[in-house]
Amino acid sequence: QKEVEQNSGPLSVPEGAIASLNCTYSDRGSQSFFWYRQYSGKSPELIMSIYSNGDKEDGRFTAQLNKASQYVSLLIRDSQPSDSATYLCAVWSNYQLIWGAGTKLIIKP
Amino acid sequence: KAGVTQTPRYLIKTRGQQVTLSCSPISGHRSVSWYQQTPGQGLQFLFEYFSETQRNKGNFPGRFSGRQFSNSRSEMNVSTLELGDSALYLCASRGDGTGVTEKLFFGSGTQLSVL
């Protein structure tokens, strides 16, 4: 059974600080990795995708991938209260997306 | 371009009944996936349809079934409802469904309560 693990949180971060979210996966053959954000009562929306080892930056968001260690992380710089949400890590494995249970992030003003 | 449309938004059923949920993907998208989401469990993959064929299936009992029509609209059916089927059911569509890099677009979901 392929797995994706995330710390469920909640992770509390002061406004303006860096929020760091982590995800590990079990399938060494995985090639595609995604971070989705889900606000309470809403549907998930894609915020970052990453396919190669290293860092990928998009505005305040940076995704990091380390295939050798089988982890992917998401950094949110200058955290804002509007970043408070659950962040879902998803990994493409064996023709389907495997999802982590999500990390609840709380940004404190 | 209209997003993914799911109907109904809310459903209340009793044990033993059956239910049908509907999903209309983004125009031009041929892949439709269904997910069950419960608190603490994350998103659990139910199945994916592409061009009217079930391409992949998750680890759910046979009470959960689906189908896709020629216009890419999809329905999901749950028969003999159990209390544990209470969940948010999400539908997601993506482009031509052939690439692992494709972004999923989610509908607003159907909140099913089984009493």
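See above for the structure.
Residues numbered from 1 in each chain as written. Chains lettered and ligands numbered in written order. Predicted model: local features only at pLDDT ≥ 70, side-chain atom pairs only at ≥ 80, totals over all residues. Heavy atoms only, no water.

## Quick word on the overall build of chain B
Part 1 of the reasoning: Assigned secondary structure in chain B consists of 0 helices and 11 strands.
Part 2 of the reasoning: Moving toward the C terminus, one meets the helices and strands of chain B in the order β-β-β-β-β-β-β-β-β-β-β.
Part 3 of the reasoning: Computed over its C-alpha atoms, the radius of gyration of chain B comes to 13 Å, within 12% of the 13 Å expected for a compact globule of 115 residues.
Part 4 of the reasoning: If one aligns the C-alpha atoms of chain B with their principal axes, the spans along those axes are about 40 × 30 × 25 Å.
Part 5 of the reasoning: Within the span of chain B, comprising 115 residues, buried residues form 50% of the whole.
Part 6 of the reasoning: Within the structure as shown, chain B displays about 5400 Å² of accessible surface, and the carbon and sulfur contribution to it stands at 48%.
Part 7 of the reasoning: With 12 positive and 7 negative side-chain charges, chain B shows a separation of 4 Å between the mean positions of the two kinds. (Helix = DSSP H or I, 4+ residues; strand = E, 2+ residues; numbered from the N terminus. Rg over C-alpha atoms; globule rule 2.2 N^0.38 Å. Buried < 20%, exposed > 50% of the residue type's maximum accessible area, 1.4 Å probe, protein only. Areas by Shrake-Rupley, 256 points an atom, 1.4 Å probe, with all protein chains shown as cover. Lys, Arg positive; Asp, Glu negative; His and termini not counted. Charge placed at Lys NZ, Arg CZ, Asp CG, Glu CD.)

## A few points about the sheet that holds strand S8 (residues 71-76) of chain A
Residue and element names in this part refer to chain A.
Part 1 of the reasoning: Sheet architecture is open: 5 strands sit in the order S1-S3-S8-S7-S6, paired in antiparallel fashion. Here the strands that pair on one side only, and so sit at the sheet edges, are strand S1 (4-6) and strand S6 (54-58). Averaged over all adjacent pairs, the angle separating strand axes in this sheet is 20°, with direction ignored.
Part 2 of the reasoning: The pairing of S1 with strand S3 (residues 19-25) spans 3 bridges and is antiparallel. Opposite Glu5, over in S3, you have Thr24 as the bridge partner. (Pairing = 2+ DSSP bridges. Axes fitted to C-alpha atoms, helices over the stretch in contact; angles between N-to-C directions.)

## Overview of unusual backbone geometry
What you tend to see is this: most non-glycine residues have negative phi, and most peptide bonds are trans.
Part 1 of the reasoning: Each neighbour pair has its own omega, and for Gly9(A) with Pro10(A) the value is 5°, a cis peptide bond.
Part 2 of the reasoning: Summarising the element assignment, Pro10(A) is placed in the loop between S1 and strand S2 (11-14).
Part 3 of the reasoning: A cis amide bond, omega -10°, links Thr7(B) with the succeeding residue Pro8(B).
Part 4 of the reasoning: With respect to the helices and strands, the residue Pro8(B) is situated in the loop between strand S1 (5-7) and strand S2 (10-13).
Part 5 of the reasoning: Here the phi dihedral of Asp78(A) falls at roughly 50°; this positive angle occurs in a residue that is not glycine.
Part 6 of the reasoning: Here Asp78(A) shows up in the loop between S8 and strand S9 (85-93).
Part 7 of the reasoning: Look at Asp78(A) and you get partly exposed, because its relative accessible area is 40%.
Part 8 of the reasoning: Positive phi is not limited to glycine here, since Glu52(B) has a value of about 70°.

## Topic: the interface of chain A and chain B
Part 1 of the reasoning: Counting residues at the interface gives 18 residues for chain A, matched by 21 residues for chain B.
Part 2 of the reasoning: Interface area, chain A with chain B, both sides summed: about 1500 Å², of which 55% is carbon and sulfur.
Part 3 of the reasoning: Taken as a group, Trp92(A), Gln96(A) and Trp99(A) account for 31% of the area that chain A buries against chain B, more than any other trio of residues on that side.
Part 4 of the reasoning: Run the count over chain A and chain B and you get 0 salt bridges.
Part 5 of the reasoning: Counting the contacts that link chain A with chain B gives 3 residue pairs in polar contact (both at pLDDT 80 or more).
Part 6 of the reasoning: Looking at the side of chain A that touches chain B, the elements with two or more residues in it are strand S4 (33-38), S9 and strand S10 (96-99) of chain A. (Contact = heavy atoms within 4.5 Å. Buried area = accessible area lost by both parts, 1.4 Å probe. Salt bridge = Lys/Arg side-chain N within 4 Å of Asp/Glu carboxyl O. Polar contact = N/O pair within 3.5 Å; in protein donor to acceptor, adjacent residues only side chain to side chain.)

## As for the environment of Val72(A)
All names here are of chain A.
Part 1 of the reasoning: Within the secondary structure layout, Val72 lies in strand S8.
Part 2 of the reasoning: Remark: the alpha-carbon pair of Val72 and Pro14, spanning 58 residues in sequence, is separated by 23 Å.
Part 3 of the reasoning: Discounting chain neighbours no more than four positions away, the residues touching Val72 are Leu21, Asn22, Cys23, Phe33, Trp35, Ile50, Gln64, Leu65 and Cys89.

## Notes on the state of the cysteines
All names here are of chain A.
Part 1 of the reasoning: A full pass over the atoms with the stated rule returns 2 disulfides over all chains.
Part 2 of the reasoning: Each sulfur of the disulfide joining Cys23 and Cys89 lies 2.1 Å from the other. Negative torsions about the S-S bond denote left-handed disulfides, and the value of about -70° found for Cys23 with Cys89 makes this one left-handed. Taken together, the positions of Cys23 in strand S3 and Cys89 in strand S9 put the pair 66 residues apart, joining distant regions of the chain. (Disulfide = S-S within 2.5 Å.)

## Some words on the pattern of salt bridges
Oppositely charged side chains may form a pair once their charged atoms are brought near each other.
Part 1 of the reasoning: Counted according to the given criterion, the structure contains 9 salt bridges over all chains.
Part 2 of the reasoning: One salt bridge in this structure joins Glu57(A) and Arg77(A), with 3.5 Å as the shortest N-O distance. In this pair, Glu57(A) is assigned in strand S6 and Arg77(A) in the loop between S8 and S9, connecting sequence segments 20 residues apart.
Part 3 of the reasoning: Using a relative accessible area of 60% as the deciding quantity, one classes Glu57(A) as exposed.
Part 4 of the reasoning: The salt bridge involving Glu75(B) is made with Arg73(B); its shortest N-O contact spans 3.3 Å.
Part 5 of the reasoning: Residue classification places Glu75(B) among the buried residues on the basis of a relative accessible area of 15%.
Part 6 of the reasoning: Overall, the relative accessible area of 22% leaves Arg73(B) in the partly exposed class.
Part 7 of the reasoning: A network of salt bridges, in which partner residues are shared, links Glu48(B), Arg55(B) and Arg94(B).

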